[in-house]
Amino acid sequence: MNMASIGFICIFSLIFISAGTATTNAFIKVQCKTENVGRYGQQSLLECVVDTTQEDVTIRVVTWKKDNKTLLVFNKEEITKQQPGYMFAEPSWNKKNMNISLLIDNTGLKDEGDYVCAVMTDSGTDDNKTRLKVRAKYKKPTINSVPETVTENADSTLVCISSGGYPEGRLSWFDEHNVEWVKSAQMEAKKTESGLFELSSKLPLLRGSTFSKYTCVVYNASGDKEDEVTFEIPPKKEELGGEKGINSASKIVAPLVVIGSLIAGLLLVVIVYRRRSQRDHQAVPYIPGDEADDHQQMDLESQNSLA
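Per chain, the residues get numbers from 1 upward, laid out in the order the sequence is written. A pLDDT threshold of at least 70 governs which residues receive local features in this predicted model, and a stricter bar of 80 or more applies before side-chain atom pairs are shown or counted, although totals over entire chains, interfaces and linings include all residues. Hydrogens and water molecules were not included; the side-chain quantities draw on all heavy atoms of the structure.

*Asks:* Can you walk me through the pattern of salt bridges in this structure?
*Replies:* Salt bridges are defined by distance alone: a side-chain nitrogen of Lys or Arg within 4 Å of a carboxyl oxygen of Asp or Glu. Overall, the coordinates contain 12 salt bridges when judged by the stated rule. Residue Asp111 is joined to Lys110 by a salt bridge in which the shortest nitrogen-to-oxygen separation is 3.3 Å. Three exposure classes are used, based on accessible area relative to the maximum for each residue type with a 1.4 Å probe and protein chains only: buried under 20%, partly exposed in between, and exposed over 50%. The class of Lys110 is exposed, set by a relative accessible area of 61%. When the shortest N-O distance is used, the salt bridge between Glu228 and Lys225 registers 2.5 Å.

Structure follows, in structure tokens:
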């Protein structure tokens, strides 16, 4: 870079610092979106355009800064300074392109804050501010119980954890009737080394007062629900024992009923058969001597026929 270029940038920087956000020429104006939202680990866009009343305007210098640190400089048809991860939003950007938006690659928490974009054209200079808010989505919560097995006859605690979010969010508990447990739950938010938050919430369960299931919901800083998880309490031992007892009794009683029915049926058949036999004997009674008279009658009939 020659001395003329250095002198040109220095003069522009003095104008930029002294002007602040005031417009130095009525012919052009830098228009920026007041606030932008970027996602952690993804690309973020800071939208700015040059609005001009003149035709065929040529951009000579564009400077993007954050906290007085220069991120990107375009000067006389080339990019003279560029920090890693910062670039013009349009890859084919040139001095005739009035879209001077800044693209941030792999957005981090360090990128949150205020930015200033300054422009010098052949028709005048202007600058403006824009702000970036960084957001990170919380992971799906997990629930553990202390002790590991929750029983009705002992106190226990449910612990819900969700991490990887930004800014600080909150965790809420709901029972099976969708009633929120606000007073008894205790939540803690801890910032990790990466700057992201880890949320944890403890819900104490007193003996004899447990529901069948509890749901832990994670909300972001705006109060929007991001994810949830449900923990189900194992059935009571008494209920399990009662069901097993009923099933066992059913398995034993059923065969006995069948066998008893068969025996009763056989007894009924025997009784009916005996009664019928007794009625048959009573209908034809046995009279002693009848047999001899019959023979005598037969002999007389035989003699008369011979005579």
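*Asks:* Just to check I follow, could you spell out unusual backbone geometry for this structure?
*Replies:* Most peptide bonds take the trans form, and the phi angle of most residues other than glycine is negative. The omega torsion of the bond from Val146 to Pro147 falls at 0°, within 30 degrees of zero and hence cis. The secondary structure listing takes helices from DSSP runs of H or I that are at least 4 residues long and strands from runs of E that are at least 2 residues long, numbered from the N terminus. Structurally, Pro147 is set in the loop between strand E12 (142–146) and strand E13 (156–165). With omega at -5°, the peptide bond leading from Tyr166 into Pro167 counts as cis. Along the chain, Pro167 falls in the loop between E13 and strand E14 (170–175). Unusually for a residue other than glycine, Asp67 sits at a positive phi of about 50°. Inspection of the secondary structure assignment puts Asp67 in the loop between strand E5 (59–66) and strand E6 (69–75). With a relative accessible area of 60%, Asp67 lands in the exposed category. Here the phi dihedral of Asn68 falls at roughly 65°; this positive angle occurs in a residue that is not glycine. With respect to the helices, strands and loops of the structure, Asn68 is situated in the loop between E5 and E6.

*Asks:* Honestly, the sheet that holds strand E8 (residues 86–88) in this entry has me stumped. Any pointers?
*Replies:* Strand pairing in a sheet relies on backbone hydrogen bonds. The paired strands run either parallel or antiparallel. In this scheme, strands are said to pair when DSSP sees at least two bridges between them. Here we have 3 strands laid out as an open sheet, ordered E3-E9-E8, and antiparallel in their pairing. The sheet is open, and its two edges are formed by strand E3 (44–46) and E8, each paired on a single side. Between one strand and the next, the sheet's axes are offset by a mean angle of 30°, whatever the strand orientation. Sheet analysis places E8 next to strand E9 (residues 102–104), joined by 3 bridges and oriented antiparallel. Paired with Phe88 across the bridge in E9 is Leu102. Axes here mean lines fitted to C-alpha atoms, for a helix over just the part in contact, with angles spanning 0 to 180 degrees between N-to-C directions.

*Asks:* For this particular structure, what's the right way to read the pairing of strand E10 (residues 113–121)?
*Replies:* Looking along a regular strand, one sees side chains alternate from face to face of the sheet. With 8 of 9 residues buried, E10 lies mostly within the body of the structure. Note that E5 and E10 share 7 bridges and pair antiparallel. Looking at E10, one finds that Val62 is bridged to Val119. Strand direction decides the pairing type here: E10 and strand E11 (residues 124–135), joined by 9 bridges, are antiparallel. By the bridge assignment, Cys117 is partnered in E11 with Asn128. Hairpin remark: E10 followed by E11, antiparallel, with 2 residues in the connecting loop.

*Asks:* Whenever I open this one, the side chain of Ser145 confuses me. Can you help?
*Replies:* Checked against the element boundaries, Ser145 lands in strand E12. Residue classification places Ser145 among the buried residues on the basis of a relative accessible area of 12%. Among the polar contacts listed, one links the side chain of Ser145 to the backbone oxygen of Pro147, at a separation of 3.0 Å. N or O atoms closer than or at 3.5 Å make up a polar contact, with two conditions inside protein: a donor-capable atom paired with an acceptor-capable one, and, for residues adjacent in sequence, both atoms drawn from side chains. From its side chain, Ser145 meets the backbone oxygen of Glu148 in a polar contact 2.7 Å long. Between two residues, a contact is recorded if the distance between any of their heavy atoms is within 4.5 Å. Once residues lying within four places of it in the same chain are set aside, the contact partners of Ser145 are Val150, Thr157, Leu158 and Phe231.

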